[in-house]
Structure formats: structure tokens, C-alpha cells
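Examining the three-dimensional arrangement
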Amino acid sequence: MAAILLRHDDAVHRPNCWRSLDRCTVASTQDLEIAVEAARRAQQAWWLSDDQDRARILRRIADEIRLHANALGTLDTLDSGRPIRDTATRDVERAARIFEFFAGTTDRLRGAVVPVQPSRTNLVEYEPIGIVGAITPWNYPLTNAIGKIAPALATGNAVILKPAEASPLSALLLAWIAHKAGLPAGLLNVLNGSGATIGEMIVRHPDIGKITFTGSTPTGRHIGSITGDLLKSVTLELGGKTGFILFADADLDRAADALVFSAFNNAGQTCTAGSRPLVEASIAKDFVDRIASRLNDIVIGDPLDLETRIGPVISARHRNMILAHLAGPSTTGLKRLELPSRSLPEAGFYVSPSIFLDVSPTAAIAQEEVFGPMITVTSFTSDDEAIEMANATRHGLATTVWTSSFQRARRVSREARSGLVWINTAHSLHPGSPYGGYKQSGVGVEMGQEAVQQHMKIKSVWMEDNVWQSPWG
Ligand code: NDP
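Not measured: the values here are computed from a predicted model.

A closer look at unusual backbone geometry
One non-glycine residue, Asp 358, adopts positive backbone phi at about 50°. Mapping Asp 358 onto the fold places it in the loop between strand E14 (354-357) and helix H12 (364-367). Phi at Asn 424 takes a positive value of approximately 50°, unusual for a residue other than glycine. Since its relative accessible area comes to 36%, Asn 424 is described here as partly exposed.

See below:
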């Protein structure tokens, strides 16, 4: 079966618990060695197996994910506080589709025949890297994990996954689901524990050939420095600070819906959260009024309640970090819109939405990834200024633009220094479409055919068609 490594004697108290699931087990160095050995043994046979058999197993995993939607969704909600209306529906469906997309790539791992000298044949062949170490954060536990597992398995690799200490449960159920769907033993290994211990050991392990990581920019930079030193392949999906450009000619109601979803979905704990609306000055007040009225209608509360759209944030520590941003020196002197106060549940780490007005684009709060339910509104008076503001951050994950002018939209998309651009839409995703950042937002991409290539090595094979002649005569 797919290995699930737990050491019950090492159970630790988890810091995030907003409900009763507060203990989990951690993996040791020895567990990592067992997982690496299991992965090493399973990987070669997996790669040499029939591509259609591999695809069939990946599709079966997708089916099983849908069958276990409630369990997977409930675990993610209990772990992370992300509302069940999202975890058990959209997240699970996306997870299943990611497996289905990559199942469809197993027979497209094509190489090439390169036209070289007529007396020779040159084949370019793709091969799996071997063992992929995946390290995921707590904001979208299931989909973050599957975005790494599915392309790695489809390309003939084995996976060792370390989910965030704060949200490990859906990954464990996923390993069981994969086993039930017929994934051979050793191909998916889940190791629990902290980043500083088991995470770092995975990154440094000599038999793990690639690291794929999603999380904060500082941790990504640290991991990148280790993989650089060890000359390992790496994909880094890091922080963002999405500029949400709104021109006066846009459909303001739809744009307001998009902004509220983009910035406040998952209590703002999204790397592409549209937390930095850049609004044409003539409509700024009108737009802020529309956002405020929508926020007032949104249910914030128990994430297990189907009506809830914004739940608690991940942990007391994270709530304190957000509150320190919202009430700290980076917001001193800023104008804050008074939203009607509302009662929030006692249990759980809730943060009320905040809207800061007339914020300078260079203000710390408009530059740092707060990862909480807040926006900073900045106004502009020309297209040039809007584009300059959108790009004026060290991050480069996503840019959103709302306008009815095709030319304007295309200009923004061409000049945006970000890996994703959304035009008159928000957070559109598809497993076939690459996802990754520019600048400090990351290295490489996930999803799409591009992710397939990033999980493989390239081998150039030369054959002499005639009798070889030495160039030395
Ligand atoms: P981290 O980047 O520190 O954690 C992400 C993952 O990396 C977790 O599994 C973590 O383990 C692991 N990790 C941490 N340190 C190491 C290490 N040295 N070697 C290997 N793995 C490691 O994010 P945090 O959870 O600390 O969140 C802090 C901030 O990061 C947030 O406030 C937010 O701004 C940003 N963030 C961005 C995300 C994104 O999607 N871009 C996602 C999550 C956070 P563990 O947590 O178990 O210790």
C-alpha cells in the first residue's frame, strides 16, 4: 500500500487547532529513510509500466476523491478553517480534475528525433527525475498537495509529501484513497512534521532529486539556496501581492463581486488574493461603497456552516501576525473604512475584514503579503500610472484587470510583470494552464504540459548509423 508513516509515540500538539483535532504524529529521520527506500523500489517499475495502466490508476484516484468529497472537505475545514462550502465542493472537484488532466498526459511524454548528421540518429528522451519531495502549506491543503502529486506520478516519479504541520489530515486520507485506487506501494509517502525538521531533511536528502514547494517567499528562498547548493531541480510557488486594476469603463458590479471574492475568499489567505485594488480615481468612492455593502452581506462564522463564506484564519499565531499588520506601524496614519461591527464566534481565530483607503502604493501594507482579510485601495489617473503601480512590488504572481476596452486589457497583460493575468475574471484556474510567478513569487510553474516537463530529465541519445570514423583519422 501507499506508505503512511506515523509514529504514535511522537504525537505532538498542533498549534492551529480551532476544533478538537489537536494532536498529530510526526515522522523521524528513520521514517524518511524508509519512505525513500520504498519510493526508490517502487519508482522504476512504475515508470516501466504501461502508460495506459498508469493513466487508469490516476483516473481511479480522481473517482475516489469525488466519492470521498465530504470526508476530504471536512478534514480540510477542521484543519484549516476554510469553509466547507468550498472545501467539499470546489476544492475536491479541482483536486479530481487535476488527477484527470495529468492522467491524460501519460501517453504524451514524447521525445523527439533531431535532424543531425545523415550518418547518425539523435533521440531526445524524457525520463522521470526519480523521487520528488513535495512541501505544501496550510491554505489549500488538498489542492496544494495534489497539484504536486499528480504531475509527479503521471511522469513516472514517486513522491514524498510533507504537508504543513497545521493541516496534515487530508493528505493522509489521500494516501489511503490512492492505495484503494490501486496505486502501487511506495509511490506516495506522507511524512508529517515541521518544516524545520522533516521538511529540511527532505530538501537535503541526496536521493530526492526534485523539490516542489509552495509557501512563503523567505522559506522558498531558503529552500532554493539549499537546492542550488545541492544542484537539485526545484519548483517554488511563493507569495504574491496581486494588483487588481479597475478602470472606470468596467462593469463595476461584476468587478466588485470579483474583488470581494478575490481578496476575502479563504479569509484572504491566498497567494493570489487581490489585496491591492488600484482604482481609477473617478470611480474610487463608488467602488469602495459597492465592496463595503457586499462585505456586510457576507456570513463570517463557523466554517462547517454551509452559509459561511469567511471562516477563521489558520492559527492564533497567524491571527496575531495579521493583527500586527493591521494595527502596527505600517498602517499608522492610514484612513480605514469603518465597517459595521459584527459578532464573531468565540472559538476560532477570526479576523474582521479591513479596508484601507487612499493608500500610497509604496506603503508597507501595500507591499507586504498580509495573508488576511484586508485590502488597500489606491487610486490612479492614467493607464501608465495603473500599470506602473501594479508592477511596483517585489512579487509577481498575478495581475487582475477590469475594463471594457480590449486594447487596454491587452496592454496591461503585455506589460504586467506577473506569471498570471486575469482580464475581467478572477482566479480562473484549470489544470491544463500553467501557474507560476515572476520575480520573488517563484521559480518554474505548476500545472499544464509545462509542469510535465519540469518533472522530467532530458536525455540525448546518439546512434551511429554507419561504421564510426574517428575524427582523428
Ligand atoms: P512557510 O513557507 O514557512 O511554510 C510552508 C511549508 O513549508 C510548510 O509545510 C512548512 O512546514 C514548510 N517549511 C517551513 N520551513 C521549512 C524548511 N526550512 N524546510 C522545508 N520546509 C519548510 O509558511 P508559514 O506557514 O510559516 O506562513 C507564513 C507566511 O507565509 C504567511 O503569513 C503567508 O504570508 C505566507 N504563505 C504563503 C503561501 C502561498 O501560497 N504562497 C502559503 C502559506 C503561507 P510547517 O508549517 O509544517 O513547519
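Anyway, onward from the coordinates.
Digging into the packing of helix H13 (residues 383-391) against helix H14 (residues 406-415)
Interhelical geometry of H13 versus H14 gives an angle of 35° and a closest axis separation of 10 Å. By crossing handedness, the relation of H13 to H14 is classed as right-handed. Contact residues: H13 offers Asp 383, Asp 384, Ile 387 and Asn 391, while H14 offers Arg 408, Arg 411, Val 412 and Glu 415. When its residues are assigned to classes, the contact of H13 with H14 shows two nonpolar, one polar and five charged.

Some thoughts on the domain arrangement of the chain
We note that the domain assignment places domain 1 (2-238 + 441-460) and domain 2 (243-423) within the chain. Counting residues at the interface gives 26 residues for domain 1 and 28 residues for domain 2. Summing both sides of the interface, domain 1 and domain 2 together bury roughly 2100 Å²; the carbon and sulfur share of this comes to 55%. Here domain 1 is connected to domain 2 by zero salt bridges. Between domain 1 and domain 2 we count nine residue pairs in polar contact (both at pLDDT 80 or more) in total. Those elements that place two or more of their residues in the side of domain 1 that touches domain 2 are helix H3 (69-80), helix H4 (84-103) and helix H8 (217-230). When residues in the side of domain 1 that touches domain 2 are grouped by element, the largest group, five residues, is from H3.

Notes on empty space enclosed by the protein
For the structure on display, the rule yields four cavities of 30 Å³ or more. Taken as a whole, the largest cavity encloses approximately 90 Å³ of empty space. Residue lining of the largest cavity: 14 residues in total, with Gly 268, Ala 273, Ser 275, Val 370 and Phe 371 positioned closest to the centre. Residues of the lining of the largest cavity, tallied by class, amount to six nonpolar, six polar and two charged. By volume, the second largest cavity is sized at about 50 Å³. Around the second largest cavity, the lining is made up of 13 residues, and of these Ala 390, Thr 393, His 395, Gly 396 and Ala 398 lie nearest the centre. Within the residue set of the lining of the second largest cavity, elements represented by two or more residues are H13, strand E17 (395-396) and strand E18 (398-402).

Focus on H13
Restricting attention to buried positions, one finds in H13 the residues Ala 386, Ile 387, Met 389, Ala 390 and Asn 391. Of the surrounding elements, those touching the buried residues of H13 are strand E11 (243-246), strand E12 (276-280), strand E16 (378-380), E18, H14 and strand E20 (438-439).

Some words on the sheet that holds strand E15 (residues 374-376)
With mixed pairing, three strands are arranged side by side in an open sheet as E13-E14-E15. Edge positions in the open sheet fall to strand E13 (335-336) and E15, since each of these has one partner strand only. Taken together, the three bridges between E14 and E15 define a ladder with parallel strand orientation. The partner of Ser 354 across the bridge, within E15, is Met 374.

Re the pairing of strand E7 (residues 158-162)
Two faces make up the sheet, and in a regular strand the side chains alternate between them. Counting buried positions along E7 yields five of five residues, so the element is predominantly enclosed. Burial of the side chains of E7 extends over both faces: Ala 158, Ile 160 and Lys 162 are buried on one face and Val 159 and Leu 161 on the other. With five bridges joining them, strand E6 (residues 131-135) and E7 adopt parallel strand pairing. When the bridges of E7 are listed, Val 132 appears paired with Val 159. The pairing of E7 with strand E8 (residues 188-191) spans three bridges and is classified as parallel. Residue pairing in the sheet places Val 159 in a bridge with Leu 188 of E8. A crossover connection joins E7 to the parallel E8 through helix H6 (residues 169-180); in handedness this β-α-β unit is right-handed.

Re the pattern of salt bridges
Taken as a whole and assessed by the stated rule, the structure comprises 26 salt bridges. Note that Glu 464 is salt-bridged to Arg 120, the shortest N-O span being 3.0 Å. Taken together, the residues span a long stretch of sequence, with Glu 464 in strand E22 (residues 456-464) and Arg 120 in strand E5 (residues 120-128) at a distance of 344 residues. A residue is classified by how much of its surface remains accessible, and Glu 464, at 30% relative accessible area, is partly exposed. Take Arg 120: its relative accessible area is 27%, and that puts it in the partly exposed class. Among the ionic pairs, Lys 285 bridges to Asp 289, the shortest N-O distance being 2.8 Å. Remark: Asp 289 and Lys 285 occur in helix H10 (residues 284-297); sequence separation between them is four residues, near one turn of the helix. Here the salt bridges share partners, and the residues they tie into one network are Asp 253, Asp 257, Asp 286, Arg 290 and Arg 294.

Reading the values: rules and limits
- Along every chain, residues carry numbers that run from 1 in the direction the sequence is written.
- Local features in this predicted model are restricted to residues of pLDDT 70 or higher, and side-chain atom pairs are both shown and tallied only at a pLDDT of 80 or more, whereas totals for entire chains, interfaces and linings draw on every residue.
- In computing side-chain properties, one takes all heavy atoms of the structure into account and sets aside hydrogens as well as water.
- What counts as a helix is a DSSP run of H or I of at least four residues, what counts as a strand is a run of E of at least two, and both are numbered from the N terminus.
- Partly exposed residues are those whose accessible area sits between 20% and 50% of the maximum for their type, while under 20% is buried and over 50% is exposed, using a 1.4 Å probe and protein chains only.
- Interaxial angles span 0 to 180 degrees and are taken between N-to-C directions of axes, which are lines fitted to C-alpha atoms, for helices over the stretch in contact.
- Here a crossing is called left-handed whenever its near helix is offset anticlockwise from the far helix by less than a right angle, and right-handed whenever the offset is clockwise.
- When checking whether two residues touch, look at their non-hydrogen atoms; a contact exists if any pair is within 4.5 Å.
- Lys, Arg, Asp and Glu make up the charged group, whereas Ala, Val, Leu, Ile, Met, Phe, Trp, Tyr, Cys and Pro make up the nonpolar group; the residues left over, Gly among them, are polar.
- Domain borders in the structure are assigned automatically or taken from a domain database.
- Using a 1.4 Å probe, buried area is obtained as the accessible area two parts lose upon being combined, added over both of them.
- By definition, a salt bridge exists where a carboxyl oxygen of Asp or Glu is found within 4 Å of a side-chain nitrogen of Lys or Arg.
- Nitrogen and oxygen atoms within 3.5 Å of one another constitute a polar contact, given that in protein one can donate a hydrogen and the other can accept it, and given that sequence-neighbouring residues count only through two side-chain atoms.
- Cavities and pockets are found on a 1 Å grid laid over the protein atoms alone: a cavity is a set of points where a 1.4 Å probe fits but cannot escape, a pocket is an open set with protein on both sides within 12 Å along at least five of seven lines, and a lining residue has an atom within 4 Å of such a point.
- Grid points are joined across faces, edges and corners, and a volume is the space filled by probe spheres set on the points.
- Two strands qualify as a pair provided DSSP detects at least 2 bridges between them.
- Here, the term right-handed applies to a crossover whose path from the first strand over the helix to the second runs clockwise when the strands point away from the viewer.

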